[in-house]
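# Residue-level structure breakdown
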Amino acid sequence: MTAAMTVTTASVPKIGRHFRIQWEEAQKAYVLLYPEGMVKLNQSAGEILKRCTGEANVGDITADLEKTFNAQGLQQDVINFVELALQQKWVETT
Amino acid sequence: MTDLAEAQAAQDAATIGPPLWLLAEVTYRCPLHCVYCYNPVDFAKHEAELSTEEWFKVLREARELGSVQCGFSGGEPMLRDDLELLVAEAHRLGYYTNLLTSGVGLNEKRIDALKEAGLDHIQLSFQDSSREMNDFLSSTRTFDLKRRVADLIKSRGYPMVMNCTIHRHNIDHIESILQLADEIEAEYVELANTQYYGWAQVNRDQLLPSREQLERAERITNEWREKHGNKMKLFFVVPDYYENRPKKCMNGWGNIFLTITPDGKALPCHTARMLPGLEFPDVRTSSVRDIWYESEGFNRYRGTGWMKEPCSSCPEKEKDYGGCRCQAYMVANDPNAADPVCDKSPFHHKIVEAVERAQIAGNPQQVKPLIYRGPKESLQLDRPF
Ligand code: SF4
Ligand code: SF4
């Protein structure tokens, strides 16, 4: 993996240029839409990605998730997922 | 209606997923004359296009059921003057909107209007990497125009999705097609081998590549992938004639795809209207909900219950759902048969024979003149496929 793929708590992820995330009532899920395709997101993926607005960093996102779901120790899970999302170009980081 | 029937209907609605993909074929008209055009051979008989309002109704009703990807195709969709209105309405309803175009008619003014309307993505089709072949295969002078349109698409910040239908006459140019894709900075490239429906079926023997051609093209595509990484996403689709198992056509009949033809027929796949003995519903007189969940046209080949041997007792039936109904009809003359691409089909030899002919360069079938898609040819041929 290149250095650009390394995600830390300071990374600020934002939905990738050619992707769009939205809630789909019919599927009861968040989906990622892109040219001629769609990924149905599971709950945790959806919750993380909808927070990737280009405003919060991974640390903030984790804190918000832990608060919302009354959970602890999510840091590594979030980092792992954002790394995966980066590879898929679902998100870009700054 | 009895409670039981209602409960059953509710249960069906719960098990049949929504039509996630809506393909709006807004017109069969097209300035090009591609020899592999996927429109029905008798398209010229279906002229009465849906109005703007009727398309709005389709978009609304399908969205209510859960459609979320919307493709505007044709023919050449740019020939609809109200395309911007249709895109705007689709966007407003929450669709991800895709335009599938040959580029003809896409100028600065219209691309700006489409952007304004909320269009998300444009797929541009090329016939070949060279002006000569592109123009020969489409029987038009459109190559230079397409290059300009590619720049236009890029300049408006759209992802660049290039599509090139591959067959015997351009498959040996795969390297320069990839170079062209690179030059226009394509993010996605679809090198889809011709599927033998519509006009491609009329010209099948002239279009089917040899095994050697195919292997070479695949090798070059793989090498390109290794060299260039995932800067551009490459899709290479082999013709199913070279397989022993059919594809899971449309991801299953009436499973996620809903096509609406220019004249308002609802189809599980854009070629299905050729099938005999099956009435497909009309969006002018039925709601999309009734069409998707209740109509005979959509229910006939859903799941596996309709199958006969060799499919019905086959352990792989959930994997491919017996393949393509249109191919079964065209090759085995029976829409309920196994897709003859399958080597368990008693008609598989017909596929094998076509493939064998493709290995002999210059055989009489292959050098027949190509038939170009056009309204005159459509009426002359006067047949469904
Ligand atoms: S395949 Fe060619 S002729 Fe057919 S609709 Fe597309 S551009 Fe037009
Ligand atoms: S017999 Fe039918 S179900 Fe089995 S693999 Fe062949 S086409 Fe598919």
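For clarity, every value in this text was computed on a predicted model and none was experimentally measured. (Residues numbered from 1 in each chain as written. Chains lettered and ligands numbered in written order. Predicted model: local features only at pLDDT ≥ 70, side-chain atom pairs only at ≥ 80, totals over all residues. Heavy atoms only, no water.)

We now examine helix 6 (residues 143-155) of chain B. Residue and element names in this part refer to chain B. Spanning 13 residues, helix 6 covers 19 Å between terminal C-alpha atoms, matching the ideal 18 Å at 1.5 Å per step. Considered for burial, the residues of helix 6 that qualify are Phe143, Lys146, Val149, Ala150, Leu152 and Ile153. Viewed end-on, helix 6 has its buried residues packed into an arc of 165°, placing them on one side of the element. Within two residues after helix 6, glycine 157 carries a phi angle of roughly 75°, on the positive side. (Helix = DSSP H or I, 4+ residues; strand = E, 2+ residues; numbered from the N terminus. Expected span 1.5 Å × (residues − 1). Buried < 20%, exposed > 50% of the residue type's maximum accessible area, 1.4 Å probe, protein only. Arc of directions from axis to C-beta.)

So, on to the confidence of the model for chain B. Residue and element names in this part refer to chain B. Per-residue pLDDT for chain B has a mean of 90; in total, 96% of the residues score no lower than 70. Contacts from residues 1-13, a stretch scored under 50 in pLDDT, to residues over four places away or in other chains number 3 contacts. Interface scoring of the predicted complex returns ipTM 0.87; its pTM is 0.89. (pLDDT = per-residue confidence, 0-100. Contact = heavy atoms within 4.5 Å.)

All names here are of chain A. Here 3 strands make up an open sheet; going across it, the order is 2-3-4 and the pairing antiparallel. One side of each edge strand has no neighbouring strand; the edge strands of this open sheet are strand 2 (20-24) and strand 4 (37-40). Ignoring strand direction, the axes of neighbouring strands in this sheet form an average angle of 30°. (Pairing = 2+ DSSP bridges. Axes fitted to C-alpha atoms, helices over the stretch in contact; angles between N-to-C directions.)

It is worth spelling out the site of ligand 2 at this point. Surveying the vicinity of ligand 2 reveals the residues Arg245, Pro246, Pro310, Cys311, Cys314, Glu316, Lys317, Asp320, Gly322, Cys342 and Lys344 of chain B. Partitioned by chemical class, the residues of the shell around ligand 2 number 5 nonpolar, 1 polar and 5 charged. (Near = heavy atom within 4 Å. Nonpolar A, V, L, I, M, F, W, Y, C, P; charged D, E, K, R; others polar.)

This next bit is on the interface of chain B and chain A. Listed per partner, the contact involves 24 residues of chain B and 16 residues of chain A. Together, the buried faces of chain B and chain A total about 1,500 Å²; carbon and sulfur atoms form 51% of this surface. Put simply, chain B and chain A have 12 residue pairs in polar contact (both at pLDDT 80 or more) between them. Residue assignment for the side of chain B that touches chain A shows that the elements contributing at least two residues are helix 2 (52-65), strand 3 (96-101), strand 4 (121-126) and strand 6 (188-193) of chain B. Of the residues contributing to the side of chain B that touches chain A, the split by class is 11 nonpolar, 8 polar and 5 charged. (Buried area = accessible area lost by both parts, 1.4 Å probe. Polar contact = N/O pair within 3.5 Å; in protein donor to acceptor, adjacent residues only side chain to side chain.)

Turning to the sheet that holds strand 7 (residues 233-237) of chain B, a few remarks are in order. Residues and elements named next belong to chain B. If you trace the 9 strands from one edge of the open sheet to the other, you get 7-6-5-4-3-2-1-8-9, paired in mixed fashion. Edge strands, defined here as strands with exactly one partner in the open sheet, are strand 7 and strand 9 (266-267). For strand 5 (residues 160-166) and strand 6, the ladder comprises 6 bridges, and the chain directions are parallel. By the bridge assignment, isoleucine 166 is partnered in strand 6 with asparagine 193. Lying on the sheet, helix 7 (residues 174-183) is in contact with strand 4, strand 5, strand 6 and strand 7; it crosses strand 5 at an angle near 165°.

With that settled, the discussion passes to the site of ligand 1. Residues in close proximity to ligand 1 include Cys30, Leu32, His33, Cys34, Cys37, Tyr38, Asn39, Gly75 and Arg373 of chain B, which together make up its full environment. Of the residues belonging to the shell around ligand 1, the class tally is 5 nonpolar, 3 polar and 1 charged.

Residues and elements named next belong to chain B. Three or more residues of helix 4 (residues 108-117) are buried, namely Arg110, Ile111, Leu114 and Ala117. Relative to the axis of helix 4, the buried residues are bounded by an arc of 120° and lie together on one face. Facing away from the buried side of helix 4 by over 90 degrees, the exposed positions are Lys109 and Glu116. As for helix 4, its buried residues are in contact with helix 3 (83-93), strand 3, strand 4 and helix 6. Positive backbone phi, approximately 105°, marks glycine 118, located one or two places after helix 4.

Before going further, it helps to examine the packing of helix 5 (residues 131-138) of chain B against helix 6 of chain B. Residue and element names in this part refer to chain B. One can describe the packing of helix 5 onto helix 6 by two numbers: an axis separation of 8 Å at closest approach and a directional angle of 105°. Considering their axes alone, helix 5 and helix 6 lie roughly perpendicular with respect to each other. Contact with helix 5, carried on its side by Arg131, Asn134 and Asp135, involves Phe143, Asp144 and Lys146 of helix 6 and no other residues of that element. Considered class by class, the residues forming the contact of helix 5 with helix 6 number 1 nonpolar, 1 polar and 4 charged. (Parallel < 35°, antiparallel > 145°, perpendicular 65-115°, else oblique.)

So, about the pattern of salt bridges. With the rule as written, the count across this model stands at 32 salt bridges over all chains. Between aspartate 120 of chain B and arginine 20 of chain A there is a salt bridge whose closest N-O contact spans 3.0 Å. Of this pair, aspartate 120 of chain B sits in the loop between helix 4 and strand 4 while arginine 20 of chain A sits in strand 2, on two different chains. For the pair aspartate 120 of chain B and arginine 20 of chain A, a shared accessibility class is recorded, and that class is buried. The partner of glutamate 279 of chain B in a salt bridge is lysine 265 of chain B, with the nearest N and O atoms 3.8 Å apart. Here the residue glutamate 279 of chain B occupies a position in the loop between strand 9 and helix 11 (288-294), and lysine 265 of chain B occupies one in the loop between strand 8 (257-260) and strand 9, the gap between them amounting to 14 residues. Judged by relative accessible area, which is 59%, glutamate 279 of chain B ranks as exposed. Where salt bridges share partners, they join Arg245, Glu316, Lys319, Asp343 and Lys344 of chain B into one cluster. (Salt bridge = Lys/Arg side-chain N within 4 Å of Asp/Glu carboxyl O.)

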